[in-house]
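# Per-entry structural report
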Amino acid sequence: MRKIQVYLNSLDEIEFEDNTTWGELKKYLVYNKNYPSAVKALDDNSNIYSNDADKLPDGNLSLTLIIEKTNYGI
Amino acid sequence: MKTLKKILIDNIEKELNLIKIEYEIKEKENGNINVLLYYPEVNLNLNLTKNDKIIKNVYKIIDLFILIEFNLKNPNIFISGTRTTFKKKELAVGFIHPHLPKFSNLNTYNSSNSPNNLNYFCLGNSDLRDDIYKLTKIITSYFEDALVNTYLIELKFLLKKFFYDVNSLAHTESVSGIPYISYTQVLSNNLISINDFSFVLNKSNSLSILIEEILNYIINNNLIDKVIIKDGFIYDIKLNLTKKDVDNILNKVDLSIYNTILLNNIIVFNIDEDYDNTYIYNGRDNYNLSIITKNLKNGLYYINFKDKIYEFKIIEDVDEKENHLIEYNLHPKLKQIIINTINNNLKEQMLKNQLKN
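The structure reproduced in this document is the subject of the present report. Owing to the predicted nature of the structure, the values given are computational and were not obtained by experimental measurement.

A word on the overall build of chain A. The secondary structure content of chain A amounts to 1 helix and 5 strands. The linear arrangement of helices and strands in chain A, starting from the amino end, is β-β-α-β-β-β. Compactness check: chain A gives a C-alpha radius of gyration of 12 Å against a globular reference of 11 Å for 74 residues, within 12% of the reference. Seen through its principal axes, chain A has C-alpha atoms that stretch 45 × 25 × 20 Å. Each of the 74 residues in chain A was classed as buried or not, and the buried ones make up 26%. Contacts in chain A between residues far apart in sequence, at least 24 positions, make up 55% of those at least 6 positions apart.

All names here are of chain B. Spatially, E9-E10-E11 is the arrangement adopted by the 3 strands of the open sheet, whose pairing is antiparallel. At either margin of the open sheet sits one strand with a lone partner, and together these are strand E9 (292-294) and strand E11 (308-311). Taking each pair of neighbouring strands and ignoring which way they run, the sheet shows an average axis angle of 40 degrees. Looking at chain direction, E9 and strand E10 (residues 301-305) are connected through 3 bridges and run antiparallel. Within the sheet, the bridge partner assigned to Lys294 lies in E10 and is Tyr301.

In this section: helix H1 (residues 22-33) of chain A. Two residues of an α-helix separated by three or four positions point the same way, owing to the 3.6 residues in each turn. Residue and element names in this part refer to chain A. With 12 residues, H1 should cover 16 Å at 1.5 Å per step; its first-to-last C-alpha distance of 15 Å lies within 8% of that length. For H1, the set of buried residues is Trp22, Leu25 and Leu29. Here the buried residues of H1 occupy an arc of 65 degrees about the axis, which is enough to place them on one side. Along H1, the residues that are exposed and aim more than 90 degrees away from the buried face are Tyr31 and Asn32. Immediately beyond the C-terminal end of H1, within one or two residues, lies Asn34, with a positive phi of roughly 60 degrees.

Overall, mixed pairing links the 5 strands, which are arranged E2-E1-E5-E3-E4 (chain A) in an open sheet. Two strands in the sheet have a free side with no partner beyond their single neighbour: strand E2 (11-16) and strand E4 (48-49) of chain A.

Okay, the pairing of E2 of chain A next. Residue and element names in this part refer to chain A. Pairing of strand E1 (residues 2-7) with E2, which is carried by 6 bridges, proceeds in the antiparallel orientation. Residue pairing across strands places Val6 opposite Asp12, the latter belonging to E2. Linking two consecutive strands that pair antiparallel, namely E1 and E2, is a turn of 3 residues.

All names here are of chain B. Take Lys87: it is sitting in strand E5 (residues 85-87). Taking the C-alpha atoms as reference points, Lys87 and Glu27, 60 residues apart in sequence, are found 34 Å from one another. Residue contacts for Lys87: discarding those within four places in its chain leaves Ile315, Asp317 and Val318.

Calculation criteria
- Residues numbered from 1 in each chain as written.
- Chains lettered and ligands numbered in written order.
- Predicted model: local features only at pLDDT ≥ 70, side-chain atom pairs only at ≥ 80, totals over all residues.
- Helix = DSSP H or I, 4+ residues; strand = E, 2+ residues; numbered from the N terminus.
- Rg over C-alpha atoms; globule rule 2.2 N^0.38 Å.
- Buried ≥ 20, exposed ≤ 12 C-beta atoms within 10 Å, placed from the backbone.
- Contact = placed C-beta atoms within 7 Å.
- Pairing = 2+ DSSP bridges.
- Axes fitted to C-alpha atoms, helices over the stretch in contact; angles between N-to-C directions.
- Expected span 1.5 Å × (residues − 1).
- Arc of directions from axis to C-beta.

Written as structure tokens, this is what we have:
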């Protein structure tokens, strides 16, 4: 198990298995932690994980979640 | 120990290097931080779902500058911008960016309707607005000596999100060209929309006639696509308007009623004035703000970015596929007034029914 820091509206830390995808983490956050469904995650190096099949790097990780509410006007 | 300013600058540099945006950071004498971003080219993206089909448009705009002011003294963050290179068709309609106000005069310096001054981006109800709120809260807490470690950790994440969202703002086309103008409208060269009525919105005597006309037209032609009801009253309506409908409404309304208003207001009318709430005016550092300079020798305006001069210039149009879709919509204020009118009619009807019973 590794630690993943997750930031959406506040900072959270979860324990999660290695060798997992963005889709698996997203599902875990929505169903186990009541997070709204994010469309993307950015890691420390601003790599973007947007497809469910995108593999997350192993080991400890920091992720910023993006919901993508882009209604600047209409 | 690092000051907040140093922490901010370090993190800003780190994030902008990671997402590979050209930038210049200037520390102001009063302690504020100005970050100027430069995009040589921006692909404006529009992903729109219409009748279950996803319509993707990509348009290219040139030489976009975005200024982000981190005001530490009176904690706030301001995002403004302009461009220095315009295609002829953009110039014809005063287009700078889908989320920046239109301009009417290229040669007026320091006027809100000129690209030679920076205007605020419309942030609407976006993630970016939330980011600014949270970042401001952290900056405020620092000066109230309440900055705790968790806030500092949060700052790192927030700045990452903030610059991701600024980048997204730069690349997002407007769906309906409200409150400003979409690139789709620039291409179509067809700017007639009910937006044009906004100049009469504050004139109550004319407004009631106008609303009646529009409301009748919408109801008689069955143009309400979807109605969202909350607590028994209409909360929002989605309209199915076409160009023909807009023309018909314009033709139906006797514009002579508005002649006086037209004469008095249309020349100086600026739609932005209706949108005070999309800007944050308080606490902006106006001192030595402008990044735009006039060359006294040739009279041309320019931006100096990383010791390179970017002069305001006009280029020839390039062919762009008009694979686009125009969504007509009502001016949001007008739409709200119409919803209120329908709701008041409903309330009146309900009251009459109750009295009958």
